[in-house]
Amino acid sequence: MHINRLSKLRQKMDERHIDALLVTCIQNIFYLSGFTGSTAALIVTDKDCRILVDPRYTVQARYECQDVVVHEYAGKSTIAAVAELVNELDIKKLGYEANHLTISSFRELRKNVRAEIKLRLTRDIVEGLRRVKDEREIELIRRAAAIADQAYKSIIGEIKPGMSEKDVALAIDFTLRKLGADKEAFETIAAAGPNSACPHASPTNAVLKPGQFLKMDFGAKYMHYNSDITRTICLGKASAKQRKVYQIVLDAQLKAIEAIAPGKIGKEIDAVARDYIASMGYGKNFGHGLGHAIGIDVHDGPGFSTTSDIVLKPGMVLTVEPGIYIEGWGGVRIEDDVVVTETGAEVITTSPKQLVCV
Ligand code: GLY
Ligand code: MN
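What comes next is a walk through the structure. Just so you know, these numbers come straight off a predicted model, no measurement behind them.

Quick look at the pattern of salt bridges now. What the rule picks out here adds up to 19 salt bridges. For Glu184, the salt bridge identified is with Arg177, shortest N-O distance 2.8 Å. The salt bridge partner of Asp336 is Lys353, with a shortest N-O separation of 2.8 Å. In this pair, Asp336 sits in strand 16 (residues 336–340) while Lys353 sits in the segment after strand 17 (345–347), placing the two residues 17 residues apart along the sequence.

Quick look at the structure:
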């Protein structure tokens, strides 16, 4: 698996005329080597792949990283250790990940590698490989999605007015872990009433009251892969306006999912949902993008937004999450995870989407 990824990476390195790549994004290091610790650097050349770790991770790296040479460093910074190793190797042009190297680390690297070694800025090389998931990755995301679905099914009967947002978030987090999640994919959102109008509200002590929307956005992390789902329910009886707004968001989401197909561009799919919501009079109430890629990161790269030029390919996994947010009143978002197939999209989060009133 990792050998395959490394050979694809080497093709990309050739195209960019670099003979080595310094990988400092920890998610990219995991993708290429299997290393699950929190600190490391990876150097990939056309001949080999080397990981630099401090003593906390030496044994772990030996277990986790097959076909990777493990270098332990101590008493110096990661970048100082990288520079020493680079100076020993026959490297002329070293690429670095511009999105994952601070300016001070870059300066430290420049100062410590031999003057004749050229440092080449790169962006999104490994991220580009991560965009299309392989079968194993899709299997893990499906598992993370299934845990999120089961958690929703398990807690929905417990939610009632009188609980606080924090109570709801805790019930979700506890249930995700009971059902096999390694942890939550991100801080669970449980936002009721006016708070539900904030797309990324943190749970508060606010008590759920009849007549409010409750928006729940959560996901499971399972073997380093994530799911991400949002459901909005109504506490007590839904008003006519609540039903109307909910149905617009649901229809926008279904239309966007229906439009997904290989070859389509990210912004085209975004426009399907956005134009529909605008046509129903709520264009100003949908400010964020329609969705993002999902995988090792919850936000695993570009997806559906007004500026996204990504071309959809089978094996991409993305969220579709339109919303309408009305300040002081409340908000609705409905989010699912989809796999792009040869002909369209397969929705892998399957929790019911008809408006639930509890
Ligand atoms: N579900 C959280 C997010 O997509 O930002
Ligand atoms: Mn999301």
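The next point concerns the environment of Asp124. Residue placement: Asp124 occurs in the loop between strand 6 (118–122) and helix 6 (125–130). Using a relative accessible area of 35% as the deciding quantity, one classes Asp124 as partly exposed. In sequence terms Asp124 and Glu72 are 52 residues apart; their C-alpha atoms lie 27 Å from each other. Every residue in contact with Asp124, bar those within four places of it in the chain, is listed here: Asn99 and Arg131.

So, on to the site of ligand 1. Taken together, Phe186, His200, Asp217, Asp228, His292, His299, Glu321 and Glu335 make up all the residues around ligand 1. The contact in question runs from a nitrogen atom of ligand 1 to an N or O atom on the side chain of Asp228, over 2.7 Å. Residue His292 places a side-chain N or O atom 2.9 Å away from an oxygen atom belonging to ligand 1. Coverage of ligand 1 by the protein amounts to 94% of the 200 Å² it exposes when considered alone. When the residues that make up the shell around ligand 1 are grouped by side-chain class, the tally is one nonpolar, three polar and four charged.

Where helix 7 (residues 135–156) contacts helix 8 (residues 165–178), the two axes come as close as 9 Å, and the packing angle between them is 130°. On the basis of the axis angle, helix 7 is oblique to helix 8. Pair helix 7 / helix 8 crosses with right-handed handedness. Where helix 7 approaches helix 8, its residues Ile147, Ala148, Ala151, Ser154 and Ile155 are matched on the opposing element by Ala171, Ile172, Thr175 and Leu176.

We now examine helix 7. For helix 7, built from 22 residues, the straight-helix expectation of 32 Å at 1.5 Å per residue is met to within 8% by its first-to-last C-alpha distance of 31 Å. The distance from a side-chain oxygen at the start of helix 7 to the backbone nitrogen of Arg136 is 3.2 Å, and the residue carrying that oxygen is Asp134.

This brings us to the nonpolar core. In terms of nonpolar packing, the biggest core is built from 60 residues, with Leu9, Ile51, Ile159 and Met216 touching the most fellow members. Among residues more than four places away in sequence, those in contact with Met216 are Tyr152, Ile155, Ile159, Val168, Ile172, Ile189, Ile229, Thr230, Arg231 and Ile233. Ile277, Tyr282, Val320 and Leu355 belong to the second-largest nonpolar core, a separate cluster that totals 34 residues.

With that settled, the discussion passes to the sheet that holds strand 16. Pairing in this open sheet of three strands is antiparallel, and the strands run 13-16-17 from one edge to the other. If you trace the sheet from one side to the other, it starts and ends with strand 13 (317–320) and strand 17, each paired once. When strand polarity is set aside, the average angle formed by the axes of neighbouring strands in this sheet is 35°. Pairing analysis gives four bridges linking strand 13 to strand 16, with the strands arranged antiparallel. Each bridged residue has a counterpart across the sheet, and for Leu318 the counterpart in strand 16 is Val338. Here helix 9 (residues 240–259) sits on the sheet and contacts strand 13, strand 16 and strand 17; the angle it forms with strand 13, its principal contact strand, is near 155°.

Positive phi is not limited to glycine here, since Met223 has a value of about 45°. A relative accessible area of 37% means that Met223 is categorised as partly exposed. Here the phi dihedral of His224 falls at roughly 75°; this positive angle occurs in a residue that is not glycine. Locating His224 in the fold gives a position in the loop between strand 10 (220–222) and strand 11 (225–226).

This paragraph deals with the sheet that holds strand 7 (residues 183–184). Ordered in space as 7-10-11, the three strands form an open sheet in which the pairing is antiparallel. Of all the strands in the sheet, just strand 7 and strand 11 have a single pairing partner and so form its edges. Here strand 10 runs beside strand 11; their pairing, made up of two bridges, is antiparallel. Bridge pairing links Tyr222 to Tyr225 in strand 11.

As a further point, take the packing of helix 1 (residues 2–15) against helix 2 (residues 26–33). Put simply, helix 1 and helix 2 touch, their axes get as near as 7 Å, and they point 115° apart. Together, His2, Arg5, Leu6 and Leu9 of helix 1 and Phe30, Tyr31, Leu32 and Ser33 of helix 2 make up the contact between the two elements. Of the residues in the contact of helix 1 with helix 2, the class split is five nonpolar, two polar and one charged.

Next up on the list: the pairing of strand 1 (residues 20–23). Judged by which residues are buried, strand 1 turns out to be covered on both faces: Ala20 and Leu22 on one side and Leu21 and Val23 on the other are all buried. Both strand 1 and strand 2 (residues 41–45) contribute to a ladder of four bridges, which runs antiparallel. Within strand 2, the position partnered with Val23 by the bridge is Leu42.

Procedures and definitions
- Residues numbered from 1 in each chain as written.
- Chains lettered and ligands numbered in written order.
- Predicted model: local features only at pLDDT ≥ 70, side-chain atom pairs only at ≥ 80, totals over all residues.
- Heavy atoms only, no water.
- Salt bridge = Lys/Arg side-chain N within 4 Å of Asp/Glu carboxyl O.
- Helix = DSSP H or I, 4+ residues; strand = E, 2+ residues; numbered from the N terminus.
- Buried < 20%, exposed > 50% of the residue type's maximum accessible area, 1.4 Å probe, protein only.
- Contact = heavy atoms within 4.5 Å.
- Near = heavy atom within 4 Å.
- Polar contact = N/O pair within 3.5 Å; in protein donor to acceptor, adjacent residues only side chain to side chain.
- Areas by Shrake-Rupley, 256 points an atom, 1.4 Å probe, with all protein chains shown as cover.
- Nonpolar A, V, L, I, M, F, W, Y, C, P; charged D, E, K, R; others polar.
- Axes fitted to C-alpha atoms, helices over the stretch in contact; angles between N-to-C directions.
- Parallel < 35°, antiparallel > 145°, perpendicular 65-115°, else oblique.
- Left-handed = near helix turned anticlockwise from the far one by under 90°.
- Expected span 1.5 Å × (residues − 1).
- Core = buried A, V, L, I, M, F, W, Y, C linked by side-chain atoms within 4.5 Å.
- Pairing = 2+ DSSP bridges.

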